[in-house]
Amino acid sequence: MADTNQQSPPPQLGPVQFLMSNKLETAMWLSRLFTVYCSVMFILPILGPYAAANFYQRALLANALTSALRLHQRLPRFQLSRAFLAQALQEDSCHYLLYSLILVNSHPITMSIFPVFLFSLLHATTYTKKVLDSVGPSSLMFIRNLLDKLTANQQNILKFIACNEIFLMPATVFMLFSGQGSLLLPFIYYRFLTLRYTSRRNPYCRTLFTELRILLEHFIMKPACPAFFRKMCLSSIAFISRLAPTGV
């Protein structure tokens, strides 16, 4: 009697059934994979420069779609209020929705596509493992090993993304003076960078700013460093510190 009362475990869903049962997660997974594909086609312009520029825009638009879906998942009840806007601006998905919209019509540069490419690659990893599990527990071990290596290097990848976010700020200023960027681009990107600096879920931008400052101060305090260069660097550090958000 005890054996007959025991419930059998639910049957494992196949890959198609698994994808259809998690439609929002599946949509974000597919858009992230498309972002990765377009980013690779831009970084490796095997179809020519014109096609690469199109892939640049497609990657940013796909990332904007992913970020919008993720923001809807985090904040499903939209409200037209200042409190809702303040809450939305605290979400990393909102940051990269703004990032994509800021840069989608700008001159394509490789530095700006790396954060989009790497974030999509990292965030697609977990769901890809779930899809592989629905196929079979030991299916496609080669891909599983690649995903495990990607997860093991997640911290270094996030630091590299933060480095790109930081150095893209002077790049937007250079683009302005070279005639490849608009006048508003550096100011709008500065707002994005302040949001990344104050991010609660991703402290790598703030941490890297601190590490870069310590590294530069250590370098310029050496006796071999010229006095004019030391003074210029200290002035730059003081200027950037004044631009940093307070209360973090």
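Here is what the cut-offs are and how they apply
Residues numbered from 1 in each chain as written. Predicted model: local features only at pLDDT ≥ 70, side-chain atom pairs only at ≥ 80, totals over all residues. Heavy atoms only, no water. Axes fitted to C-alpha atoms, helices over the stretch in contact; angles between N-to-C directions. Helix = DSSP H or I, 4+ residues; strand = E, 2+ residues; numbered from the N terminus. Parallel < 35°, antiparallel > 145°, perpendicular 65-115°, else oblique. Left-handed = near helix turned anticlockwise from the far one by under 90°. Contact = heavy atoms within 4.5 Å. Nonpolar A, V, L, I, M, F, W, Y, C, P; charged D, E, K, R; others polar. Core = buried A, V, L, I, M, F, W, Y, C linked by side-chain atoms within 4.5 Å. Buried < 20%, exposed > 50% of the residue type's maximum accessible area, 1.4 Å probe, protein only. Expected span 1.5 Å × (residues − 1). Arc of directions from axis to C-beta. Phe/Tyr/Trp six-rings, centres within 6.5 Å; stacked < 30°, edge-to-face > 60°. Patch = residues over 30% accessible without salt bridge, like charges linked within 9 Å, V, L, I, M, F, W, Y side chains within 5 Å. Areas by Shrake-Rupley, 256 points an atom, 1.4 Å probe, with all protein chains shown as cover. Salt bridge = Lys/Arg side-chain N within 4 Å of Asp/Glu carboxyl O.

Trainee: Before we go on, may I ask you to explain the packing of helix H7 (residues 110–135) against helix H9 (residues 154–177) in this structure?
Mentor: Packed helix pairs are specified by the crossing angle of their axes together with the interaxial distance, meaning the distance between the axes. Interaxial distance between H7 and H9 falls to 9 Å at its minimum, and their mutual angle equals 155°. The orientation of H7 with respect to H9, classified from their angle, is roughly antiparallel. Handedness of the H7/H9 crossing: left-handed. Residues Met-111, Ser-112, Phe-114, Pro-115, Leu-118, Phe-119 and Leu-122 of H7 form the contact with H9, whose participating residues are Gln-154, Ile-157, Leu-158, Phe-160, Ile-161, Asn-164, Glu-165, Phe-167 and Leu-168. In terms of residue class, the contact of H7 with H9 is built from 12 nonpolar, 3 polar and 1 charged.

Trainee: Got a minute to help me understand the nonpolar core in this structure?
Mentor: Here is a general trend for soluble globular proteins: nonpolar side chains tend to be buried in one another's company. By size, the foremost hydrophobic cluster in this structure holds 38 residues, and its most contacted members are Leu-60, Tyr-99, Leu-103, Ile-161 and Leu-168. No other element matches the 9 residues that H9 contributes to this core. Contacts of Leu-60, omitting those with residues within four sequence positions, involve Tyr-99, Ser-100, Leu-103, Val-104, Ile-113 and Val-116.

Trainee: Quick question: what am I supposed to make of helix H11 (residues 204–220) here?
Mentor: Residues that lie three or four places apart on an α-helix share one face, since the helix turns once every 3.6 residues. Here H11 spans 24 Å end to end across 17 residues, near enough to the 24 Å set by a 1.5 Å rise per residue. Among the residues making up H11, those that are buried are Cys-205, Leu-208 and Ile-220. Looking straight down H11, one finds that the buried residues subtend no more than 90° of arc, so they occupy a single side. Seen from the open side of H11, the exposed residues pointing more than 90 degrees away from its buried face are Ile-214 and His-218. Buried residues along H11 sit in contact with H9, helix H10 (185–197) and helix H12 (227–243).

Trainee: Just to check I follow, could you spell out the packing of aromatic side chains for this structure?
Mentor: Taken as a whole and assessed by the stated rule, the structure comprises 13 aromatic pairs. Between Tyr-96 and Phe-192, the aromatic rings sit 5.6 Å apart at their centres with planes inclined by 90°, giving edge-to-face as the arrangement. Here Phe-192 lies in helix H10 and Tyr-96 lies in helix H6 (residues 92–103), a separation of 96 residues in the sequence. A centroid spacing of 5.2 Å and a plane angle of 45° characterise the contact between Tyr-189 and Phe-192, whose relative ring orientation is tilted. Taken together, the residues Tyr-189 and Phe-192, both in helix H10 and 3 residues apart, mark about one turn of the helix. A relative accessible area of 0% means that Tyr-189 is categorised as buried. Overall, Phe-192 belongs to the buried group, its relative accessible area being 1%.

Trainee: I'm lost on a nonpolar patch on the surface in this one. Help?
Mentor: Taken together, the side chains of Val-40, Leu-44, Ile-46 and Leu-47 make up a nonpolar region of the molecular surface, amounting to roughly 400 Å² of accessible area. Mapped onto the secondary structure, Ile-46 falls in the loop between helix H3 (23–43) and helix H4 (49–74).

Trainee: Honestly, H4 in this entry has me stumped. Any pointers?
Mentor: Under the 1.5 Å per step criterion, the end-to-end length of H4 is 37 Å for 26 residues, consistent within 8% with the ideal 38 Å. Ala-51, Ala-52, Phe-55, Tyr-56, Ala-59, Leu-60, Ala-62, Asn-63, Ala-64, Thr-66, Ser-67 and Leu-71 are the residues of H4 that are buried. Those residues of H4 that are buried lie in contact with H3, helix H5 (82–88), H6 and H7.

Trainee: Is there a simple way to explain the pattern of salt bridges in this structure?
Mentor: Between side chains of opposite charge, a pair can form when the charged atoms approach closely. Overall, the coordinates contain 6 salt bridges when judged by the stated rule. The salt bridge partner of Glu-91 is Arg-74, with a shortest N-O separation of 2.9 Å. Here Arg-74 lies in helix H4 and Glu-91 lies in the loop between H5 and H6, a separation of 17 residues in the sequence. Its relative accessible area of 5% is what places Glu-91 among the buried residues. Overall, the relative accessible area of 35% leaves Arg-74 in the partly exposed class. Between Arg-196 and Glu-165 there is a salt bridge; the shortest N-O distance is 3.1 Å.

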